[in-house]
Amino acid sequence: MNVQSAPRIPFYQETARECALFETAHSTGLPLLLKGPTGCGKTRFVEHMAARLGKSLHTVACHDDLSAADLIGRYLLKGGETVWVDGPLTRAVREGGICYLDEVVEARKDVTVVLHPLTDNRRTLMIDRTGEELAAPRGFMLVASYNPGYQNVLKRLKPSTRQRFLSATFDFPKPDIEIALVAQESGLDPARVKPLVRLAGHIRALSGMDLEEGVSTRLLIYAASLMANEISVDQALEAAIIEPLTDEPEIKQALRDLIATIYG
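Residues numbered from 1 in each chain as written. Predicted model: local features only at pLDDT ≥ 70, side-chain atom pairs only at ≥ 80, totals over all residues. Heavy atoms only, no water.

*Asks:* Tell me about the packing of aromatic side chains, and name the residues and values.
*Replies:* Evaluated as defined, the whole model comprises four aromatic pairs. With a centroid separation of 5.2 Å and 50 degrees between ring planes, the pair formed by Tyr-12 and Phe-45 is classed as tilted. Of this pair, Tyr-12 sits in the loop between strand E1 (2-4) and helix H1 (18-28) while Phe-45 sits in helix H2 (residues 42-53), and the two are 33 residues apart along the sequence. As far as burial versus exposure is concerned, Tyr-12 and Phe-45 are alike and both buried. (Phe/Tyr/Trp six-rings, centres within 6.5 Å; stacked < 30°, edge-to-face > 60°. Helix = DSSP H or I, 4+ residues; strand = E, 2+ residues; numbered from the N terminus. Buried < 20%, exposed > 50% of the residue type's maximum accessible area, 1.4 Å probe, protein only.)

Rendered as structure tokens:
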């Protein structure tokens, strides 16, 4: 969990008027759910919008053990005394900031019970341990994200929860936008980024290869950053594309063969 409030607005390239949707959701107090594959820019989008709106951002990376208490807060021993410490969701409500729950489906089920009153007309957060009932002020916004490709029977966002959010689907950027984005973030010349993005397109289009997901924009930025710092193309792609995508020797070789056709 972390909190960030930076004056610099992180670079983000809008693709489908999603910035206007976010601004309207924020101004009207509506929660927003972002859906899309890993590394397609969901978190960067939220960081960009929080900075653009001048709001504090409380980001929570959800996981199997994340409980409602982790979000709300708990009593802790400090200097021999028991003191209450707010969790990130409580801090966001008190400040009128933005709370972003990344991969919300990974959290324990008791988390959604806490979120429901914040995502309807009540806009309240109940803190049972202290007896407080916080009314979310104007400016507070709840944003969540998840990757539909990883959904299964055990980890699925209930319809009753999904229908409390506005939703927007994200995908990997179009090639020209992705080239500009990767070049901006890595410092690599766009002419050298172009074959990298073309490679990503081929990998994402593969249906016969046993890959859980295609290569993310994030990994392209990693590869381009290595290349911009004089790491060879082969080594950069091995470290930033092949190894992160798979452990299977046959698939690694198939990816190397594909790279050879692009860079040959």
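That was the structure; now back to the text.
*Asks:* Requested: an account of the pattern of salt bridges, with residues and values cited.
*Replies:* This model, assessed by the stated rule, comprises twelve salt bridges. The partner of Arg-94 in a salt bridge is Glu-132, with the nearest N and O atoms 3.1 Å apart. Taken together, the residues Arg-94 in helix H4 (residues 88-95) and Glu-132 in strand E8 (residues 132-135) connect sequence positions 38 residues apart. Judged by its relative accessible area of 38%, Arg-94 is partly exposed. Here Glu-132 falls in the partly exposed class, since its relative accessible area comes to 26%. Residue Arg-204 is joined to Glu-178 by a salt bridge in which the shortest nitrogen-to-oxygen separation is 2.9 Å. With Arg-204 in helix H8 (residues 190-205) and Glu-178 in helix H7 (residues 175-186), this pair connects stretches of sequence that are 26 residues apart. Looking at Arg-204, the relative accessible area reads 24%, which means it is partly exposed. Owing to a relative accessible area of 1%, Glu-178 belongs among the buried residues under this scheme. (Salt bridge = Lys/Arg side-chain N within 4 Å of Asp/Glu carboxyl O.)

*Asks:* With reference to specific residues and values, describe the state of the cysteines.
*Replies:* According to the stated counting rule, one finds zero disulfides in the structure shown. Of the cysteine sulfurs around Cys-19, a residue in no disulfide, the closest is that of Cys-40, at 14 Å. (Disulfide = S-S within 2.5 Å.)

*Asks:* Explain the nonpolar core to me, using residue names and the numbers behind them.
*Replies:* In this structure, Ile-203, Val-215, Leu-220, Ile-241 and Leu-245 are the most contacted members of the largest nonpolar core, which totals 30 residues. Among the secondary structure elements, those contributing two or more residues to this core are H7, H8, helix H9 (217-228), helix H10 (233-245) and helix H11 (249-263). Setting aside residues up to four positions removed in sequence, Ile-241 forms contacts with Ile-203, Val-215, Leu-219, Leu-220, Ala-223 and Ala-236. (Core = buried A, V, L, I, M, F, W, Y, C linked by side-chain atoms within 4.5 Å. Contact = heavy atoms within 4.5 Å.)

*Asks:* Explain the side chain of Arg-123 to me, using residue names and the numbers behind them.
*Replies:* You can see Arg-123 is positioned in the loop between helix H5 (110-115) and strand E7 (124-127). As a buried residue without a salt bridge, Arg-123 has its nearest oppositely charged side chain in Asp-120, at a separation of 8.5 Å. In this view, Arg-123 contacts Gly-29, Pro-117, Leu-118, Leu-134, Ala-135, Ala-136, Pro-137 and Phe-140; residues no more than four positions away in its chain are not counted. (Lys, Arg positive; Asp, Glu negative; His and termini not counted.)

*Asks:* Can you tell me about the packing of H1 against H2, naming the residues and giving the values?
*Replies:* Running from amino to carboxyl end, H1 crosses H2 at an angle of 55 degrees, the nearest separation of the two axes being 11 Å. Overall, the two elements H1 and H2 adopt an arrangement that is oblique. The handedness of the crossing between H1 and H2 is right-handed. Contact residues: Glu-18, Cys-19, Phe-22, Glu-23 and His-26 in H1; Phe-45, His-48, Met-49, Arg-52 and Leu-53 in H2. (Axes fitted to C-alpha atoms, helices over the stretch in contact; angles between N-to-C directions. Parallel < 35°, antiparallel > 145°, perpendicular 65-115°, else oblique. Left-handed = near helix turned anticlockwise from the far one by under 90°.)

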